[in-house]
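What the coordinates show
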Amino acid sequence: MKLRHRYLNPIGVFLIVYMFGLLLFGFCCEAVEWVYTYLNHLFPRIFPVYSVILEKEEYYRLLRIQTLVGLFLTLSLIHFISLKLENKKYERLIGLTDGKYPIKEGLKLYFDEFLATDAITSALIPAVIVIPSYFISYKLMGYFGLIIPNWLGYALKTQCGIGSIIPAVLIAALFSFAGRILAIPLTVRSWRAAWLSDI
Amino acid sequence: MVDIINVILLIIGLILFIRLSVWTYKRSAMIVKLYRLVKEYSGEIKFLRFPYLPNLFMSEKPDISVRILDTVYLIRLYSGGSRHSLVHFADEKYSVRYIKMASKWVAYRGFFGRSAMVDVAHAFTVGAKVFMLPPMKLSEEYEKSGLTTEKILLFNPSPNAVSYVTPEKTRIKLAFTGDEMNGMKIFTGSSFVAYADRQTRKDDEMRYF
């Protein structure tokens, strides 16, 4: 039996990347809002803007959707950055192929070797990102006099209709997994190019 | 906010437009040169694939075939990016195009009352992209016709330098125009035209295409 945990890097290495994700999340949510405003400018009927007072329901629904898109973007970016830093996986894949693989073959090798560790990592990331940001970050900022919106509060608490943390973490884990799936082909591509151009 | 996004989109669009128009100009200029060459020696030119397609996908088929007297040049196009980019062939199939950027920082640093100049130089790779070049398959008509065939790898736009791993896999060599690499001769657009002209002409008169 292969000991797959050999390739699992200590979580402390990625903690900085994940904490950086908190800042990134805020920025991504803002960016999605900018894009929505721009789309509203182009197609006002398809992408309407609601009033907070008169159309509260619609306004919150829109906010939730925007935040979930922001969350997905953030998690994909974090996965991409953290995967690029995983030297053990890089070395293993390059050692097997010498960097000469089509993307399909590279993905197959990747999933054969690292599926278990990937499942663990993509489950751990929401636990590290979501819990602090859900409970700490917006309150912590409040102590310093900075008022930031509780994005995850909007997205997850109101989406589920329950004040519980468990559905919130589950949704974030699902999004995290989807983000991981998006990040892996990009990483496999960039590893190949990095190895072949290093002469 | 809408204005800022408009400006950003405009800048991205302009960069893409300039890049595309430079590539289009270079490729069309090369094709015009080939036509002039063919007209000079009353040869024949055939486009087997759309000549802008190799920027995206490489194929087993050659892209252009040029017949001059008894020789058929089977040309494969390879987009070399720009004059800053380097191309490396790891083997017959796998090649990578990339840009090597150098950064140098110079700073004065104090060490216990004394100052020393700190000089840091660092090179890093940007925009590496892998191209897969499948082995060339020729149709039977060339074998039946009895014409001599030459396989050409033509870089257009031409890169800064091309390197390759030798078939013995012992060293990396720089390749120059006219060198044979993995069974193909490599050229840029104008150097190929000059080469084909040199091979064909009888007199010593200079020709400009």
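Observations concerning the overall build of chain A
Helix and strand content of chain A: six helices and zero strands. The helix and strand sequence of chain A, counted from the amino end, reads α-α-α-α-α-α. In chain A, which comprises 199 residues, the proportion classed as buried is 29%.

Describing the sheet that holds strand S1 (residues 44–47) of chain B
Residue and element names in this part refer to chain B. Strand order in the open sheet formed by six strands is S1-S2-S3-S7-S11-S10, with mixed pairing between adjacent strands. Each of the sheet's edge strands pairs with one partner strand only, and the pair in question is S1 and strand S10 (180–181). Alignment of S10 against strand S11 (residues 184–188), held across two bridges, turns out to be antiparallel. The residue bridging Met181 from the neighbouring strand is Met184, located in S11. Here helix H1 (residues 2–40) sits on the sheet and contacts S1 and strand S2 (64–68); the angle it forms with S1, its principal contact strand, is near 145°. Set on the sheet, helix H3 (residues 189–200) makes contact with S2, strand S3 (71–78), strand S7 (148–155) and S11; between it and S11 the angle comes to about 115°.

Details of the interface of chain B and chain A
Each partner contributes to the interface: chain B provides 16 residues, whereas chain A provides 12 residues. Listing elements by their share of the side of chain B that touches chain A, those giving two or more residues are H1, strand S5 (94–111) and strand S6 (114–132) of chain B. Among the elements that make up the side of chain B that touches chain A, the one with the highest residue count is S6(B) (five residues). Looking at the side of chain B that touches chain A, its residues break down into 11 nonpolar, three polar and two charged.

Points about unusual backbone geometry
In terms of backbone geometry, most residues other than glycine have negative phi values and most peptide bonds are trans. Following B:Asn156, the chain continues into B:Pro157 via a peptide bond in cis, with omega recorded as -5°. Along the chain, B:Pro157 turns up in the loop between S7 and strand S8 (161–165). The backbone phi angle of A:Asp98 is positive, close to 60°, even though this residue is not glycine. Considering the arrangement of structural elements, one finds A:Asp98 in the loop between helix H3 (87–97) and helix H4 (103–143). A positive phi is found at B:Asn182, a non-glycine position, where the angle reads about 50°.

Some details on the confidence of the model for chain B
All names here are of chain B. Per-residue pLDDT for chain B averages 88, and the proportion of residues at 70 or more is 95%. Highest mean pLDDT in chain B belongs to strand S4 (residues 86–89) (95); lowest belongs to helix H2 (residues 140–145) (79). Interface predicted TM-score (ipTM) for the complex: 0.81; the corresponding pTM is 0.79.

Examining the nonpolar core
One finds B:Tyr73, B:Ile75, B:Ile152, B:Leu154 and B:Ile186 to be the most contacted residues of the largest nonpolar core, which totals 40 residues. The element contributing the most residues to this core is S3(B), with six residues. Counting 13 residues, the second largest nonpolar core, distinct from the first, contains A:Leu24, A:Phe25, A:Ala172 and A:Phe175.

Some points on the confidence of the model for chain A
Detailed reading of predicted coordinates is not advised where the pLDDT is low. Residue and element names in this part refer to chain A. Scored by pLDDT, chain A has a mean of 77; 70% of the residues are at 70 or more. Within chain A, the element-level pLDDT minimum falls on helix H5 (residues 151–160), averaging 57, and the maximum on H3, averaging 87. pLDDT under 50 marks residues 1–8. Its contacts with residues more than four places away, or in other chains, come to nine contacts.

Conventions and cut-offs
Residues numbered from 1 in each chain as written. Chains lettered and ligands numbered in written order. Predicted model: local features only at pLDDT ≥ 70, side-chain atom pairs only at ≥ 80, totals over all residues. Helix = DSSP H or I, 4+ residues; strand = E, 2+ residues; numbered from the N terminus. Buried ≥ 20, exposed ≤ 12 C-beta atoms within 10 Å, placed from the backbone. Pairing = 2+ DSSP bridges. Contact = placed C-beta atoms within 7 Å. Axes fitted to C-alpha atoms, helices over the stretch in contact; angles between N-to-C directions. Nonpolar A, V, L, I, M, F, W, Y, C, P; charged D, E, K, R; others polar. pLDDT = per-residue confidence, 0-100. Core = buried A, V, L, I, M, F, W, Y, C linked by C-beta atoms within 7 Å.

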